[in-house]
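The primary structure of each chain is shown beneath.
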Amino acid sequence: MLSEQSARTVRATLPVVGGAIEEITGAFYGRLFAAHPELLRDLFNRGNQADGSQRQALAGSIAAFAGALVAHPEQRPDAMLARIAHKHASLGVTAEQYQVVHTHLFAAIVEILGDAVTPEVAAAWDEVYWLMANALIAIEQRLYEQSGTRGERRPYTVAARTAETADVATFLLRPADGGPVPAHRPGQYVSVQVELPDGARQIRQYSLSGNPEGALQITVKRVAGDPDGEVSTFLHRHVDEGAVLQVGAPFGDVRLADGERPVLLASAGIGCTPVIGMLTHLAETGATRRVIAVHGDRSESAHAFRDEFEQLVAKLPNAEAHVWYEHPEAERPADRTGLVDLTGLDVPADAVAYLCGPLPFMRAVRTRLLAAGVPAADIHYEVFGPDLWLGQDD
Ligand SMILES: Cc1cc2nc3c(=O)[nH]c(=O)nc-3n(C[C@H](O)[C@H](O)[C@H](O)COP(=O)(O)OP(=O)(O)OC[C@H]3O[C@@H](n4cnc5c(N)ncnc54)[C@H](O)[C@@H]3O)c2cc1C
Ligand code: HEM
(Lines give C-alpha, C1' and ligand atoms only; values in the text may rest on other atoms or scores of the structure.)
(Ligands and ions follow the chains in the order given, each with its own letter.)
Protein backbone atom coordinates (compact mmCIF):
# COMPACT_ATOMS: atom_id res chain seq x y z
CA MET A 1 0.00 0.00 0.00
CA LEU A 2 1.42 3.37 -1.05
CA SER A 3 1.06 6.27 1.43
CA GLU A 4 -1.24 9.07 0.29
CA GLN A 5 1.52 11.65 0.13
CA SER A 6 3.80 9.38 -1.91
CA ALA A 7 0.89 8.46 -4.21
CA ARG A 8 0.41 12.18 -4.97
CA THR A 9 4.13 12.69 -5.64
CA VAL A 10 4.45 9.54 -7.76
CA ARG A 11 1.35 10.50 -9.75
CA ALA A 12 2.80 13.98 -10.39
CA THR A 13 6.26 12.72 -11.37
CA LEU A 14 5.23 9.55 -13.25
CA PRO A 15 5.31 11.30 -16.66
CA VAL A 16 8.88 12.58 -16.03
CA VAL A 17 10.21 9.33 -14.53
CA GLY A 18 8.23 7.20 -17.03
CA GLY A 19 9.51 9.28 -19.94
CA ALA A 20 13.13 8.80 -18.85
CA ILE A 21 12.84 5.26 -17.49
CA GLU A 22 14.80 3.54 -20.28
CA GLU A 23 17.59 6.09 -19.91
CA ILE A 24 17.50 5.51 -16.16
CA THR A 25 17.66 1.72 -16.46
CA GLY A 26 20.50 2.08 -19.01
CA ALA A 27 22.48 4.20 -16.54
CA PHE A 28 21.53 1.78 -13.75
CA TYR A 29 22.98 -1.27 -15.50
CA GLY A 30 26.14 0.72 -16.40
CA ARG A 31 26.66 1.55 -12.72
CA LEU A 32 25.69 -1.90 -11.44
CA PHE A 33 28.11 -3.75 -13.74
CA ALA A 34 30.94 -1.23 -13.17
CA ALA A 35 30.66 -1.93 -9.43
CA HIS A 36 29.93 -5.68 -9.81
CA PRO A 37 31.38 -7.04 -13.06
CA GLU A 38 30.75 -10.58 -11.79
CA LEU A 39 27.00 -9.97 -12.07
CA LEU A 40 27.25 -9.39 -15.84
CA ARG A 41 29.64 -12.31 -16.28
CA ASP A 42 27.90 -14.94 -14.16
CA LEU A 43 24.28 -13.89 -13.47
CA PHE A 44 22.78 -11.54 -16.08
CA ASN A 45 22.33 -12.60 -19.70
CA ARG A 46 24.87 -10.50 -21.58
CA GLY A 47 23.03 -11.03 -24.90
CA ASN A 48 19.95 -9.36 -23.38
CA GLN A 49 22.16 -6.53 -22.15
CA ALA A 50 23.72 -6.07 -25.58
CA ASP A 51 20.37 -5.86 -27.39
CA GLY A 52 18.72 -3.76 -24.66
CA SER A 53 15.81 -6.15 -24.08
CA GLN A 54 16.50 -6.63 -20.35
CA ARG A 55 16.70 -2.84 -19.89
CA GLN A 56 13.30 -2.51 -21.56
CA ALA A 57 11.79 -5.33 -19.45
CA LEU A 58 13.02 -3.75 -16.19
CA ALA A 59 11.82 -0.29 -17.25
CA GLY A 60 8.45 -1.66 -18.36
CA SER A 61 7.92 -3.53 -15.12
CA ILE A 62 8.72 -0.51 -12.91
CA ALA A 63 6.52 1.82 -14.98
CA ALA A 64 3.65 -0.72 -14.97
CA PHE A 65 3.97 -1.31 -11.22
CA ALA A 66 4.09 2.42 -10.41
CA GLY A 67 1.15 3.06 -12.76
CA ALA A 68 -0.93 0.36 -11.06
CA LEU A 69 0.00 1.71 -7.62
CA VAL A 70 -1.13 5.26 -8.33
CA ALA A 71 -4.35 3.98 -9.92
CA HIS A 72 -5.11 1.85 -6.81
CA PRO A 73 -2.81 3.06 -3.98
CA GLU A 74 -4.62 0.77 -1.50
CA GLN A 75 -3.55 -2.40 -3.36
CA ARG A 76 -0.18 -3.92 -4.13
CA PRO A 77 -0.25 -5.18 -7.72
CA ASP A 78 1.43 -8.51 -6.97
CA ALA A 79 -0.11 -10.40 -9.88
CA MET A 80 2.28 -8.90 -12.41
CA LEU A 81 5.26 -9.95 -10.32
CA ALA A 82 4.93 -13.73 -10.51
CA ARG A 83 6.83 -14.10 -13.75
CA ILE A 84 9.71 -11.93 -12.51
CA ALA A 85 9.87 -13.77 -9.18
CA HIS A 86 10.02 -17.19 -10.87
CA LYS A 87 12.80 -15.95 -13.16
CA HIS A 88 14.70 -14.50 -10.19
CA ALA A 89 14.26 -17.72 -8.19
CA SER A 90 15.55 -19.81 -11.10
CA LEU A 91 18.66 -17.60 -11.03
CA GLY A 92 19.10 -17.65 -7.24
CA VAL A 93 18.58 -13.89 -6.69
CA THR A 94 18.95 -13.06 -2.96
CA ALA A 95 17.17 -10.55 -0.70
CA GLU A 96 20.52 -8.81 -0.05
CA GLN A 97 20.97 -8.10 -3.76
CA TYR A 98 17.88 -5.84 -3.69
CA GLN A 99 19.88 -3.35 -1.59
CA VAL A 100 22.66 -3.40 -4.21
CA VAL A 101 20.14 -2.80 -7.01
CA HIS A 102 18.51 -0.01 -4.97
CA THR A 103 21.84 1.81 -4.53
CA HIS A 104 22.63 1.85 -8.25
CA LEU A 105 19.06 2.45 -9.44
CA PHE A 106 18.66 5.54 -7.26
CA ALA A 107 22.10 6.85 -8.23
CA ALA A 108 20.99 6.45 -11.87
CA ILE A 109 17.72 8.32 -11.20
CA VAL A 110 19.67 11.26 -9.75
CA GLU A 111 22.18 11.11 -12.64
CA ILE A 112 19.44 11.32 -15.28
CA LEU A 113 16.83 13.55 -13.63
CA GLY A 114 19.20 15.84 -11.68
CA ASP A 115 17.54 18.59 -9.62
CA ALA A 116 14.06 17.26 -10.32
CA VAL A 117 14.81 14.61 -7.68
CA THR A 118 13.89 16.60 -4.56
CA PRO A 119 14.01 14.77 -1.21
CA GLU A 120 10.22 14.38 -1.44
CA VAL A 121 10.42 12.82 -4.91
CA ALA A 122 13.25 10.51 -3.84
CA ALA A 123 11.26 9.38 -0.77
CA ALA A 124 8.12 8.65 -2.81
CA TRP A 125 9.98 6.57 -5.41
CA ASP A 126 11.92 4.86 -2.64
CA GLU A 127 8.57 3.69 -1.29
CA VAL A 128 7.57 2.37 -4.74
CA TYR A 129 10.89 0.52 -5.07
CA TRP A 130 10.62 -1.18 -1.69
CA LEU A 131 6.96 -2.10 -2.19
CA MET A 132 7.99 -3.86 -5.39
CA ALA A 133 11.20 -5.30 -3.98
CA ASN A 134 9.58 -6.60 -0.79
CA ALA A 135 6.75 -8.17 -2.78
CA LEU A 136 9.32 -9.91 -5.01
CA ILE A 137 11.46 -10.97 -2.04
CA ALA A 138 8.39 -12.50 -0.34
CA ILE A 139 7.31 -14.44 -3.43
CA GLU A 140 10.89 -15.61 -4.06
CA GLN A 141 11.22 -16.71 -0.43
CA ARG A 142 8.07 -18.86 -0.83
CA LEU A 143 9.37 -20.32 -4.09
CA TYR A 144 12.70 -21.20 -2.47
CA GLU A 145 10.90 -22.89 0.42
CA GLN A 146 8.68 -24.88 -1.96
CA SER A 147 11.65 -26.01 -4.06
CA GLY A 148 13.87 -26.77 -1.05
CA THR A 149 16.66 -24.78 -2.74
CA ARG A 150 17.98 -21.22 -2.84
CA GLY A 151 17.93 -21.30 -6.63
CA GLU A 152 21.43 -22.74 -6.74
CA ARG A 153 22.44 -25.08 -9.54
CA ARG A 154 23.70 -28.65 -9.11
CA PRO A 155 25.61 -30.93 -11.46
CA TYR A 156 23.66 -33.09 -13.91
CA THR A 157 25.20 -35.60 -16.31
CA VAL A 158 24.04 -35.65 -19.92
CA ALA A 159 22.72 -39.22 -20.15
CA ALA A 160 21.70 -38.92 -23.80
CA ARG A 161 21.67 -36.36 -26.58
CA THR A 162 19.19 -36.71 -29.46
CA ALA A 163 18.99 -34.66 -32.64
CA GLU A 164 15.41 -33.49 -33.24
CA THR A 165 16.14 -31.38 -36.35
CA ALA A 166 19.30 -29.91 -37.90
CA ASP A 167 19.18 -27.07 -35.33
CA VAL A 168 17.44 -28.63 -32.35
CA ALA A 169 18.82 -31.17 -29.86
CA THR A 170 17.35 -32.81 -26.77
CA PHE A 171 19.50 -33.38 -23.66
CA LEU A 172 18.50 -35.96 -21.07
CA LEU A 173 19.94 -34.85 -17.72
CA ARG A 174 20.42 -37.07 -14.67
CA PRO A 175 21.55 -35.73 -11.26
CA ALA A 176 25.29 -36.46 -11.13
CA ASP A 177 25.03 -37.51 -7.46
CA GLY A 178 22.38 -40.12 -8.32
CA GLY A 179 19.83 -38.26 -6.19
CA PRO A 180 16.17 -37.75 -7.01
CA VAL A 181 14.95 -35.41 -9.72
CA PRO A 182 13.12 -32.33 -8.36
CA ALA A 183 9.35 -32.14 -8.78
CA HIS A 184 8.05 -29.94 -11.58
CA ARG A 185 4.80 -28.92 -13.23
CA PRO A 186 4.24 -29.18 -16.99
CA GLY A 187 5.28 -25.87 -18.58
CA GLN A 188 8.10 -25.09 -16.15
CA TYR A 189 11.75 -24.49 -17.03
CA VAL A 190 15.21 -24.91 -15.54
CA SER A 191 18.22 -22.60 -15.61
CA VAL A 192 21.35 -24.08 -17.16
CA GLN A 193 24.76 -22.54 -16.55
CA VAL A 194 27.76 -23.18 -18.77
CA GLU A 195 31.33 -21.94 -18.57
CA LEU A 196 32.18 -20.25 -21.86
CA PRO A 197 35.68 -20.03 -23.37
CA ASP A 198 36.28 -16.55 -21.86
CA GLY A 199 35.52 -17.89 -18.36
CA ALA A 200 32.06 -16.29 -18.06
CA ARG A 201 29.48 -18.64 -16.54
CA GLN A 202 26.36 -17.65 -18.41
CA ILE A 203 22.88 -18.87 -17.50
CA ARG A 204 19.89 -19.54 -19.77
CA GLN A 205 16.44 -21.01 -19.18
CA TYR A 206 15.16 -24.12 -20.97
CA SER A 207 11.62 -25.50 -20.71
CA LEU A 208 11.15 -29.11 -19.68
CA SER A 209 10.12 -30.94 -22.85
CA GLY A 210 8.97 -34.18 -21.22
CA ASN A 211 8.83 -36.12 -18.01
CA PRO A 212 11.33 -38.99 -18.26
CA GLU A 213 11.82 -41.28 -15.25
CA GLY A 214 14.71 -40.12 -13.04
CA ALA A 215 15.81 -37.34 -15.38
CA LEU A 216 15.06 -33.85 -16.63
CA GLN A 217 14.72 -33.29 -20.36
CA ILE A 218 15.46 -30.04 -22.18
CA THR A 219 15.46 -29.29 -25.89
CA VAL A 220 17.62 -26.53 -27.28
CA LYS A 221 17.53 -24.69 -30.58
CA ARG A 222 20.88 -23.40 -31.80
CA VAL A 223 20.54 -19.65 -32.25
CA ALA A 224 22.48 -18.69 -35.35
CA GLY A 225 23.02 -15.03 -36.10
CA ASP A 226 25.40 -12.19 -35.85
CA PRO A 227 26.72 -13.05 -33.32
CA ASP A 228 25.62 -16.66 -32.75
CA GLY A 229 23.81 -17.30 -29.48
CA GLU A 230 26.44 -17.98 -26.83
CA VAL A 231 24.94 -20.74 -24.70
CA SER A 232 22.86 -22.58 -27.30
CA THR A 233 25.85 -22.71 -29.66
CA PHE A 234 28.08 -23.94 -26.83
CA LEU A 235 25.58 -26.67 -25.93
CA HIS A 236 25.31 -27.79 -29.56
CA ARG A 237 29.06 -27.75 -30.23
CA HIS A 238 30.54 -28.98 -26.97
CA VAL A 239 27.98 -30.85 -24.87
CA ASP A 240 27.54 -34.55 -25.57
CA GLU A 241 26.68 -37.67 -23.62
CA GLY A 242 28.77 -37.81 -20.42
CA ALA A 243 29.21 -34.03 -20.12
CA VAL A 244 28.23 -32.37 -16.85
CA LEU A 245 25.97 -29.29 -16.78
CA GLN A 246 25.00 -27.05 -13.84
CA VAL A 247 21.21 -27.09 -13.65
CA GLY A 248 18.82 -25.33 -11.26
CA ALA A 249 15.51 -26.52 -9.81
CA PRO A 250 12.39 -26.11 -11.99
CA PHE A 251 10.49 -22.82 -11.74
CA GLY A 252 8.02 -20.94 -13.94
CA ASP A 253 4.58 -19.44 -13.41
CA VAL A 254 3.13 -20.72 -16.69
CA ARG A 255 2.00 -24.17 -15.61
CA LEU A 256 -0.75 -26.35 -17.01
CA ALA A 257 -3.63 -26.36 -14.52
CA ASP A 258 -5.30 -29.73 -13.99
CA GLY A 259 -9.06 -29.89 -14.35
CA GLU A 260 -11.79 -30.60 -16.87
CA ARG A 261 -11.88 -27.32 -18.76
CA PRO A 262 -11.03 -27.43 -22.48
CA VAL A 263 -7.43 -26.49 -23.12
CA LEU A 264 -5.85 -24.82 -26.14
CA LEU A 265 -2.10 -25.33 -26.57
CA ALA A 266 -0.58 -23.13 -29.25
CA SER A 267 3.10 -23.10 -30.14
CA ALA A 268 5.37 -21.98 -32.93
CA GLY A 269 8.96 -22.99 -33.67
CA ILE A 270 10.99 -23.93 -30.59
CA GLY A 271 8.02 -22.76 -28.48
CA CYS A 272 6.91 -26.39 -28.86
CA THR A 273 8.99 -27.44 -25.82
CA PRO A 274 6.65 -26.51 -22.93
CA VAL A 275 3.66 -27.63 -25.01
CA ILE A 276 5.21 -31.07 -25.54
CA GLY A 277 5.79 -31.15 -21.75
CA MET A 278 2.11 -30.35 -21.22
CA LEU A 279 0.86 -32.90 -23.79
CA THR A 280 3.09 -35.55 -22.18
CA HIS A 281 1.51 -34.81 -18.81
CA LEU A 282 -2.03 -34.93 -20.26
CA ALA A 283 -1.29 -38.30 -21.92
CA GLU A 284 0.39 -39.74 -18.79
CA THR A 285 -2.54 -38.75 -16.59
CA GLY A 286 -5.17 -40.10 -19.01
CA ALA A 287 -6.82 -36.70 -19.40
CA THR A 288 -10.27 -36.79 -21.02
CA ARG A 289 -10.76 -33.02 -21.30
CA ARG A 290 -10.99 -31.46 -24.74
CA VAL A 291 -7.53 -30.51 -26.04
CA ILE A 292 -6.90 -28.36 -29.12
CA ALA A 293 -3.20 -28.50 -30.00
CA VAL A 294 -1.96 -26.02 -32.57
CA HIS A 295 1.56 -25.67 -33.94
CA GLY A 296 3.16 -23.51 -36.61
CA ASP A 297 6.64 -23.91 -38.08
CA ARG A 298 8.72 -22.89 -41.04
CA SER A 299 8.60 -26.38 -42.57
CA GLU A 300 8.24 -30.02 -41.67
CA SER A 301 12.00 -30.49 -41.40
CA ALA A 302 12.26 -27.52 -38.99
CA HIS A 303 9.45 -28.90 -36.79
CA ALA A 304 10.96 -30.49 -33.66
CA PHE A 305 8.87 -33.26 -32.05
CA ARG A 306 6.47 -33.50 -35.00
CA ASP A 307 5.99 -37.27 -34.48
CA GLU A 308 5.62 -36.94 -30.69
CA PHE A 309 3.12 -34.14 -31.20
CA GLU A 310 0.87 -36.36 -33.31
CA GLN A 311 1.41 -39.44 -31.13
CA LEU A 312 0.63 -37.62 -27.90
CA VAL A 313 -2.52 -36.09 -29.37
CA ALA A 314 -3.56 -39.54 -30.69
CA LYS A 315 -3.31 -40.93 -27.14
CA LEU A 316 -5.85 -38.40 -25.86
CA PRO A 317 -9.51 -39.38 -26.42
CA ASN A 318 -10.74 -35.83 -26.94
CA ALA A 319 -7.86 -34.07 -28.64
CA GLU A 320 -7.24 -32.61 -32.07
CA ALA A 321 -4.00 -31.40 -33.70
CA HIS A 322 -3.61 -28.64 -36.29
CA VAL A 323 -0.30 -27.86 -37.96
CA TRP A 324 0.68 -24.99 -40.24
CA TYR A 325 3.91 -24.86 -42.26
CA GLU A 326 5.02 -21.69 -43.98
CA HIS A 327 6.92 -23.71 -46.59
CA PRO A 328 5.38 -27.21 -46.70
CA GLU A 329 7.54 -29.99 -48.12
CA ALA A 330 6.12 -32.49 -50.57
CA GLU A 331 6.49 -35.71 -48.50
CA ARG A 332 4.34 -34.68 -45.62
CA PRO A 333 2.18 -31.63 -46.12
CA ALA A 334 0.72 -29.81 -43.11
CA ASP A 335 -2.99 -29.46 -42.53
CA ARG A 336 -2.53 -25.89 -43.58
CA THR A 337 -0.05 -23.60 -45.29
CA GLY A 338 1.07 -20.23 -43.99
CA LEU A 339 1.00 -18.72 -40.53
CA VAL A 340 -1.15 -20.13 -37.73
CA ASP A 341 -4.68 -18.77 -38.03
CA LEU A 342 -7.34 -19.92 -35.58
CA THR A 343 -10.21 -18.38 -37.56
CA GLY A 344 -11.70 -21.68 -38.70
CA LEU A 345 -11.23 -23.56 -35.40
CA ASP A 346 -13.98 -24.04 -32.86
CA VAL A 347 -12.41 -22.71 -29.64
CA PRO A 348 -14.86 -22.78 -26.72
CA ALA A 349 -15.09 -19.56 -24.70
CA ASP A 350 -14.41 -21.49 -21.49
CA ALA A 351 -11.07 -22.79 -22.78
CA VAL A 352 -7.86 -22.09 -20.92
CA ALA A 353 -5.01 -21.29 -23.32
CA TYR A 354 -1.23 -21.67 -23.15
CA LEU A 355 0.85 -19.98 -25.84
CA CYS A 356 4.55 -20.18 -26.57
CA GLY A 357 6.39 -18.81 -29.58
CA PRO A 358 7.56 -15.54 -31.11
CA LEU A 359 5.70 -12.43 -29.91
CA PRO A 360 3.90 -11.68 -33.22
CA PHE A 361 2.57 -15.26 -33.24
CA MET A 362 1.35 -15.00 -29.65
CA ARG A 363 -0.23 -11.59 -30.27
CA ALA A 364 -2.14 -12.95 -33.29
CA VAL A 365 -3.37 -16.04 -31.39
CA ARG A 366 -4.33 -13.96 -28.37
CA THR A 367 -6.34 -11.55 -30.50
CA ARG A 368 -8.30 -14.49 -32.00
CA LEU A 369 -8.91 -16.01 -28.58
CA LEU A 370 -10.18 -12.73 -27.15
CA ALA A 371 -12.51 -12.46 -30.17
CA ALA A 372 -13.72 -16.02 -29.47
CA GLY A 373 -14.72 -14.88 -25.98
CA VAL A 374 -11.81 -16.40 -24.03
CA PRO A 375 -11.14 -14.01 -21.10
CA ALA A 376 -7.67 -12.42 -21.01
CA ALA A 377 -7.07 -13.99 -17.58
CA ASP A 378 -7.34 -17.47 -19.15
CA ILE A 379 -4.69 -16.79 -21.80
CA HIS A 380 -1.25 -17.70 -20.44
CA TYR A 381 1.93 -17.20 -22.40
CA GLU A 382 5.63 -18.01 -22.07
CA VAL A 383 8.22 -15.73 -23.65
CA PHE A 384 11.67 -17.14 -24.43
CA GLY A 385 13.39 -13.92 -23.37
CA PRO A 386 12.74 -10.84 -21.24
CA ASP A 387 9.00 -10.23 -21.24
CA LEU A 388 8.31 -7.05 -23.14
CA TRP A 389 4.55 -7.63 -22.79
CA LEU A 390 4.52 -7.26 -19.05
CA GLY A 391 1.76 -5.12 -17.58
CA GLN A 392 0.08 -4.53 -20.92
CA ASP A 393 -3.52 -3.43 -20.87
CA ASP A 394 -6.31 -5.14 -22.72
C1 LIG B 1 11.31 -19.28 -19.69
C2 LIG B 1 12.19 -19.59 -20.88
C3 LIG B 1 12.16 -20.83 -21.45
C4 LIG B 1 12.95 -21.12 -22.56
N5 LIG B 1 12.90 -22.37 -23.11
C6 LIG B 1 13.67 -22.66 -24.18
C7 LIG B 1 13.63 -23.96 -24.79
O8 LIG B 1 12.91 -24.84 -24.33
N9 LIG B 1 14.42 -24.19 -25.85
C10 LIG B 1 15.24 -23.21 -26.37
O11 LIG B 1 15.95 -23.50 -27.36
N12 LIG B 1 15.28 -21.98 -25.84
C13 LIG B 1 14.53 -21.68 -24.75
N14 LIG B 1 14.61 -20.44 -24.18
C15 LIG B 1 15.55 -19.45 -24.74
C16 LIG B 1 16.93 -19.68 -24.10
O17 LIG B 1 16.88 -19.38 -22.72
C18 LIG B 1 18.01 -18.76 -24.71
O19 LIG B 1 17.55 -17.44 -24.70
C20 LIG B 1 18.39 -19.19 -26.11
O21 LIG B 1 18.91 -20.51 -26.09
C22 LIG B 1 19.42 -18.24 -26.70
O23 LIG B 1 20.51 -18.18 -25.83
P24 LIG B 1 22.00 -18.01 -26.39
O25 LIG B 1 22.91 -17.87 -25.24
O26 LIG B 1 22.30 -19.05 -27.38
O27 LIG B 1 21.89 -16.64 -27.17
P28 LIG B 1 22.38 -15.22 -26.64
O29 LIG B 1 23.85 -15.17 -26.63
O30 LIG B 1 21.65 -14.91 -25.41
O31 LIG B 1 21.88 -14.33 -27.84
C32 LIG B 1 20.49 -14.10 -28.06
C33 LIG B 1 20.35 -13.10 -29.19
O34 LIG B 1 21.03 -11.89 -28.86
C35 LIG B 1 21.93 -11.54 -29.89
N36 LIG B 1 23.17 -10.98 -29.31
C37 LIG B 1 24.02 -11.60 -28.45
N38 LIG B 1 25.09 -10.81 -28.19
C39 LIG B 1 24.90 -9.69 -28.90
C40 LIG B 1 25.65 -8.52 -29.09
N41 LIG B 1 26.80 -8.33 -28.43
N42 LIG B 1 25.17 -7.57 -29.93
C43 LIG B 1 24.00 -7.74 -30.59
N44 LIG B 1 23.24 -8.86 -30.45
C45 LIG B 1 23.70 -9.80 -29.64
C46 LIG B 1 22.25 -12.86 -30.62
O47 LIG B 1 22.60 -12.64 -31.96
C48 LIG B 1 20.96 -13.63 -30.50
O49 LIG B 1 20.08 -13.29 -31.55
C50 LIG B 1 13.81 -20.13 -23.08
C51 LIG B 1 13.86 -18.86 -22.48
C52 LIG B 1 13.06 -18.58 -21.38
C53 LIG B 1 13.14 -17.22 -20.75
C1 HEM C 1 12.54 -4.24 -7.51
C2 HEM C 1 13.63 -4.74 -8.06
C3 HEM C 1 13.64 -5.55 -9.34
C4 HEM C 1 12.79 -5.49 -10.42
C5 HEM C 1 11.61 -4.60 -10.62
C6 HEM C 1 13.26 -6.49 -11.38
C7 HEM C 1 12.67 -6.71 -12.60
C8 HEM C 1 13.05 -7.69 -13.49
C9 HEM C 1 12.37 -8.01 -14.73
C10 HEM C 1 11.14 -7.30 -15.26
C11 HEM C 1 13.05 -9.03 -15.32
C12 HEM C 1 12.69 -9.70 -16.65
C13 HEM C 1 11.81 -10.88 -16.33
C14 HEM C 1 11.37 -11.64 -17.55
O15 HEM C 1 10.57 -11.13 -18.30
O16 HEM C 1 11.82 -12.74 -17.74
C17 HEM C 1 14.15 -9.37 -14.46
C18 HEM C 1 15.09 -10.34 -14.73
C19 HEM C 1 16.25 -10.47 -14.03
N20 HEM C 1 16.58 -9.88 -12.83
FE21 HEM C 1 15.46 -8.55 -11.83
N22 HEM C 1 14.39 -7.09 -10.88
C23 HEM C 1 14.64 -6.57 -9.65
C24 HEM C 1 15.67 -6.92 -8.81
C25 HEM C 1 16.70 -7.78 -9.16
C26 HEM C 1 17.84 -8.08 -8.31
C27 HEM C 1 18.05 -7.58 -6.88
C28 HEM C 1 18.66 -8.91 -9.03
C29 HEM C 1 20.00 -9.47 -8.60
C30 HEM C 1 21.10 -8.82 -8.74
C31 HEM C 1 18.03 -9.14 -10.31
C32 HEM C 1 18.53 -9.93 -11.33
C33 HEM C 1 17.83 -10.28 -12.47
C34 HEM C 1 18.37 -11.16 -13.48
C35 HEM C 1 19.75 -11.80 -13.48
C36 HEM C 1 17.37 -11.29 -14.47
C37 HEM C 1 17.45 -12.10 -15.77
C38 HEM C 1 18.13 -11.21 -16.77
C39 HEM C 1 18.24 -11.84 -18.13
O40 HEM C 1 18.06 -13.04 -18.26
O41 HEM C 1 18.51 -11.07 -19.06
N42 HEM C 1 16.85 -8.43 -10.36
N43 HEM C 1 14.13 -8.55 -13.34
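Here's what I pulled together on the structure shown here.

Each value, and the rule that gives it
Residues numbered from 1 in each chain as written. Chains lettered and ligands numbered in written order. Predicted model: local features only at pLDDT ≥ 70, side-chain atom pairs only at ≥ 80, totals over all residues. Heavy atoms only, no water. Helix = DSSP H or I, 4+ residues; strand = E, 2+ residues; numbered from the N terminus. Expected span 1.5 Å × (residues − 1). Buried < 20%, exposed > 50% of the residue type's maximum accessible area, 1.4 Å probe, protein only. Contact = heavy atoms within 4.5 Å. Near = heavy atom within 4 Å. Polar contact = N/O pair within 3.5 Å; in protein donor to acceptor, adjacent residues only side chain to side chain. Nonpolar A, V, L, I, M, F, W, Y, C, P; charged D, E, K, R; others polar. Donors = N, O, S within 2.8 Å, 3.2 Å for Na, K, Ca; no water. Areas by Shrake-Rupley, 256 points an atom, 1.4 Å probe, with all protein chains shown as cover. Pairing = 2+ DSSP bridges. Bend = angle between axes of the 7 residues up to and from the residue. Disulfide = S-S within 2.5 Å. Axes fitted to C-alpha atoms, helices over the stretch in contact; angles between N-to-C directions. Parallel < 35°, antiparallel > 145°, perpendicular 65-115°, else oblique. Left-handed = near helix turned anticlockwise from the far one by under 90°. Salt bridge = Lys/Arg side-chain N within 4 Å of Asp/Glu carboxyl O.

Another point: helix α5 (residues 53-71). If you check α5, its first and last C-alpha atoms are 27 Å apart, about what 19 residues at 1.5 Å a residue would give, namely 27 Å. Those residues of α5 that fall on the buried side of the exposure criterion are Ser53, Gln54, Ala57, Leu58, Ala59, Ser61, Ile62, Ala64, Phe65, Ala66, Leu69 and Val70. Each element contacted by the buried residues of α5 is listed here: α1 (4-19), α2 (21-35), α4 (46-50), α6 (82-91), α7 (95-113) and α8 (119-147).

Right, let's get into the site of ligand 2. The immediate surroundings of ligand 2 are formed by 23 residues, with Asn48, Arg83, Lys87, His88 and Asp387 found nearest. His88 is positioned with one of its side-chain polar atoms (N or O) 2.9 Å from a nitrogen atom of ligand 2. When contributions to the shell around ligand 2 are tallied by element, the ones reaching two or more residues are α5, α6, α7 and α8. At five residues, the largest contribution of residues to the shell around ligand 2 is made by α6. Of the residues belonging to the shell around ligand 2, the class tally is 14 nonpolar, six polar and three charged.

Right, let's get into the coordination of the iron atom of ligand 2. Reference values for coordination geometry: four tetrahedral donors around a metal ideally subtend 109.5 degrees, six octahedral donors ideally subtend 90 or 180 degrees. Coordination of the iron atom of ligand 2 by the protein comes from a single atom, His88 (NE2), at 2.1 Å. Locating His88 in the fold gives a position in helix α6.

Taken together, the neighbourhood of ligand 1 is formed by 24 residues, with Arg204, Gln205, Tyr206, Pro227 and Ser232 sitting nearest. One of the backbone N or O atoms of Pro227 is found 2.6 Å from an oxygen atom in ligand 1. Look at ligand 1: alone it shows 960 Å² of surface, and the protein chains cover 80% of it. When the residues that make up the shell around ligand 1 are grouped by side-chain class, the tally is ten nonpolar, nine polar and five charged.

What follows deals with the side chain of Thr165. Counting through the fold element by element, Thr165 comes out in the loop between β1 (154-163) and β2 (168-175). Take Thr165: its relative accessible area is 13%, and that puts it in the buried class. Polar contacts involving the side chain of Thr165 include one to the main-chain amide nitrogen of Val168, which spans 3.1 Å. With residues near it in sequence (within four places) discarded, Thr165 still touches Ser301, Ala302, His303 and Ala304.

For strand β4 (residues 201-207), the tally of buried residues reaches five of seven residues, placing the bulk of the element in the interior. Here strand β3 (residues 189-195) pairs with β4 via seven bridges, running antiparallel. Residue Glu195 lies in a different strand from β4, and its bridge partner there is Arg201.

In this model, α1 (16 residues) spans 23 Å end to end at C-alpha, consistent with the 22 Å of a helix rising 1.5 Å per residue. At Thr13, α1 shows its maximal kink, close to 55 degrees; a proline, Pro15, follows between one and four residues later. What α1 keeps buried is the set Ser6, Ala7, Thr9, Val10, Thr13 and Val17.

Moving on, we come to the state of the cysteines. Under the counting rule described, the total for this entry stands at zero disulfides. Cys356 takes part in no disulfide bond, and the closest cysteine sulfur, belonging to Cys272, lies 8.4 Å away. Here Cys356 falls in the buried class, since its relative accessible area comes to 3%.

Position of Ala160 among the secondary structure elements: in strand β1. The exposure class of Ala160 is partly exposed, given its relative accessible area of 23%. It is 22 Å that separates the C-alpha atoms of Ala160 and Ser301, two residues lying 141 residues apart in sequence. Setting aside residues up to four positions removed in sequence, Ala160 forms contacts with Thr170, Phe171, Leu172 and Glu241.

Moving on: the packing of α2 against α5. Where α2 meets α5, the closest approach of the two axes is 9 Å, and the angle between their N-to-C directions is 125 degrees. With respect to their mutual orientation, α2 and α5 come out oblique. Handedness of the crossing formed by α2 with α5: right-handed. Between α2 and α5, the residues in contact are Ile21, Glu22, Thr25, Gly26, Phe28 and Tyr29 and Gln54, Arg55, Gln56, Leu58, Ala59 and Ile62, respectively.

This part covers the pattern of salt bridges. Under the counting rule described, the total for this entry stands at 16 salt bridges. As a salt-bridge pair, Arg41 and Asp42 come within 3.6 Å of each other at their nearest N and O atoms. Looking at Arg41, the relative accessible area reads 37%, which means it is partly exposed. Its salt-bridge partner being Asp42, residue Arg201 comes within 3.5 Å of it at the nearest N-O pair. Placement of Arg201 in strand β4 and of Asp42 in helix α3 (residues 37-42) is noted, with a sequence separation of 159 residues between them. You can call Arg201 partly exposed: its relative accessible area is 38%. By relative accessible area, which is 14% here, Asp42 ends up buried. A single salt-bridge network, built from bridges that share partners, covers Arg41, Asp42 and Arg201.

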